Amino acid sequence: MSASDEKTLQWLSFSEEPNASEKNESEELSPQIVEEYLSQHSTGMPRKLSDQRRGSFLYRSEADSSSRGLSRTSSMSSMTDKNGLDDIIVTPFAQILARLRDVKHCMNRLTQLPSGDDDSDNRLSGSDQQQMLLDSLSDIDWVLDHLNKIKARNSVGEMAQSKFKRMLTRELSQFSETSRSGNQVAEWVSSTYLDRDDDELDIEKRNARIPMIYTKRIINQAQQALKGNFPKFGVEVEDEDAMEEMVAQLNNWNFDMWKFNTITKDHPLVALSYIVLTERGLLRSFNIDMHPFLKYMFVIEANYHKTNPYHNAVHGADVMQACHVLLGYPVVEQVFTDLEVFAALFAAAIHDVDHPGLTNSFLTTTSSPLAILYNDHAVLENHHVATAFKYLHEDELNWTAAMPDKQRQLLRKMAIDLVLATDMSKHLSLMADIKTTVESSKVAHNGKLVLESYTERILVLQGIVHSCDISSATKSLPIYKSWTEKVIEEFCQQGDRERELKLPISPMCDRYNLSIEKSQVGFIDFIVLPLWETLAELMYPFCQEMLTQLNENRNYYFNRIPESPRGSITDGPGAEERSTLISNSEKRKPRKGALPEEDKLSDLSSIDEADEVAALETTS
């Protein structure tokens, strides 16, 4: 047997080990039959992905109890799209549709009557007819078996979510066995990106209050900035040439938002919102008054805490710019209405407003007023969108006043749906819904993606916004490393606070015991890659460069794991470095200690002033 034949048979047994009888049968297959089999039932990497690129766990076969080998009843199916490329189907409902489509195709072949002597070559032999009938019966058995497992209360998206959760849990279990840091990363992924079951909630409640910002002083600052004519870029800048260069790069995926922040004098969100929405003609299309709109954006930007290393206005602007790029691709540009595009960009801008730099888990564990207000459900996400719409009730900030009521209500509904979808604990559920929708639509429409209902359209927009929220890993390595350092520092600051409150330190939040390299490898493998594979399938042929960069970034951190010497950040600091870190942590206690006792909802100038004091302390 040649090397190529051996490689082919390895692909045949990629997902599960066949039994002895199937092994012997496989060895007798000719290369032609094997190739034909592969072309119809490939279960390897999606063909749209480069052979050098890693595939996510979604494309690995889920071992079932019957331990059957790869067959027509495998846990994966495939279909060929209009470009002749094989799409691997992994969601249960789409697999059922695909099986039924195959049965229909077989029935058409078996019932087709010859029209003349010229059709003799197309007739099926008796053995071929028998095999086709057996294959069809096997498909029907598979469909009936899976339909029997569907629970009445489960949606088709929940079917996919349940499957993906089992597969991810298995992957995390294997990853956690590699080392102590691997176990920590697995625990972090599980606690952050998977819904917790009720029986998993056994926590001690501590009180902590998180206020929000709104002061008239911010409005006065906006009034001063908007005196006379509107600034060319929405905000005043000193170096217009440098600003022009940045504006020319706004469609670049690797846009340097931190440089943009410097040029705009710490007003990246105001400037970006003005430029993007003006260039797209959306402000004009919806008769939006520029004065209240810019005042509103100044207030929103001020509510992004400058003291947060990661969840600040730069992050909000970065997510908005990423959405702007994706929504500009031809494959989706003509799909969504102007109002839907506006809602997505607006949601991206406000999606983390007034973020306290703490996780939902911390807020629920400490019984914060926000957690109580929102019943521990998507606490921060509910707070972000509620904060954003609260300010629209101020007359001087209400830029929606000229919009028709129905249009304004739809904008609000879409913005709420989009922001709530950024809840990281809903990650797997959202991905399962999107993948089910995409695969089912393609099966039903011969490889074409058709989004007919509001539910389907908003679901894809939710996927775009959520993908942009965790898109740093798909960008150039310097940009990715910069964001990684900032989010890790924010995690560690929460860990410092948990240590002060004598709470268990959350995974990846202990600055004295964490593995940055392994955390990023796990983050990419289990979270970012599966989602971006789904998005790339949806937006094909676009987003392929993001997957390539994602693979390079993963390899960078992966290759650093064995090189990290003992005592480095990977294995925890040495005694001297640990002493220094503790000393620095102690210095932060006055500012990062106990939270205010009162939840000042109307006047939160204390938080705004704290941001300014922190900035002055950093400068000095």
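Residues numbered from 1 in each chain as written. Predicted model: local features only at pLDDT ≥ 70, side-chain atom pairs only at ≥ 80, totals over all residues. Heavy atoms only, no water.

Concerning a negative patch on the surface
In step 1: A contiguous patch of negative charge, built from E236, D239, E240, D241 and E245, is present on the exposed surface.
In step 2: Residue placement: E236 occurs in the loop between α8 (216–225) and α9 (240–248). (Patch = residues over 30% accessible without salt bridge, like charges linked within 9 Å, V, L, I, M, F, W, Y side chains within 5 Å. Areas by Shrake-Rupley, 256 points an atom, 1.4 Å probe, with all protein chains shown as cover. Salt bridge = Lys/Arg side-chain N within 4 Å of Asp/Glu carboxyl O. Lys, Arg positive; Asp, Glu negative; His and termini not counted. Charge placed at Lys NZ, Arg CZ, Asp CG, Glu CD. Helix = DSSP H or I, 4+ residues; strand = E, 2+ residues; numbered from the N terminus.)

Some details on the environment of L547
In step 1: Relative to the helices and strands, L547 is located in helix α25 (residues 544–560).
In step 2: Judged by its relative accessible area of 1%, L547 falls in the buried class.
In step 3: Along the sequence, L547 and V528 sit 19 residues apart, while their C-alpha atoms lie 9.7 Å from each other. (Buried < 20%, exposed > 50% of the residue type's maximum accessible area, 1.4 Å probe, protein only.)

Re the environment of G55
In step 1: Assignment of secondary structure puts G55 in the loop between α3 (31–41) and β1 (77–80).
In step 2: Taking relative accessible area as the criterion, G55 reaches 9% and is therefore assigned buried.
In step 3: Each C-alpha atom of the pair G55 and L547 lies 9.8 Å from the other, and the pair is 492 residues apart in sequence.

Observations regarding the packing of helix α11 (residues 268–279) against helix α16 (residues 338–350)
In step 1: Remark: α11 packs on α16, axes separated minimally by 11 Å, with the N-to-C direction vectors making an angle of 175 degrees. Relative to α16, the element α11 lies roughly antiparallel. Along the contact surface, α11 presents L269, S273, V276 and L277, while α16 presents F342, L345 and A349.
In step 2: Here the contact of α11 with α16 is composed, by residue class, of six nonpolar, one polar and no charged. (Axes fitted to C-alpha atoms, helices over the stretch in contact; angles between N-to-C directions. Parallel < 35°, antiparallel > 145°, perpendicular 65-115°, else oblique. Contact = heavy atoms within 4.5 Å. Nonpolar A, V, L, I, M, F, W, Y, C, P; charged D, E, K, R; others polar.)

Some thoughts on the confidence of the model for the chain
In step 1: In the predicted model, the chain carries a mean pLDDT of 75, and 64% of its residues have values of at least 70.
In step 2: Every residue in residues 64–76 scores below 50 in pLDDT, and together they form 41 contacts with partners more than four places removed in sequence or on other chains.
In step 3: In this model, residues 585–620 is a region of pLDDT below 50 whose contacts with residues beyond four sequence positions or in other chains number 51 contacts. (pLDDT = per-residue confidence, 0-100.)

Some words on the packing of aromatic side chains
In step 1: With the rule as written, the count across this model stands at 14 aromatic pairs.
In step 2: Ring geometry for F342 versus W399: centroids 5.8 Å apart, planes at 45 degrees, classification tilted. Of this pair, F342 sits in helix α16 while W399 sits in the loop between α19 (379–390) and α20 (405–420), and the two are 57 residues apart along the sequence.
In step 3: Residue classification places F342 among the buried positions, given a relative accessible area of 1%.
In step 4: Classification of W399 by relative accessible area gives buried; the value is 2%.
In step 5: Members of the aromatic cluster, each reached through a chain of ring pairs, are F286, F293, Y296, F342, F346, F389 and W399.
In step 6: Just above the ring of W253 sits the side chain of K475; from NZ or CZ to the centre is 5.2 Å.
In step 7: Its guanidinium or amino end placed over the ring of F558, R554 lies 4.9 Å from that ring's centre, counting from NZ or CZ. (Phe/Tyr/Trp six-rings, centres within 6.5 Å; stacked < 30°, edge-to-face > 60°. Lys NZ or Arg CZ within 6 Å of the ring centre and 35° of its normal.)

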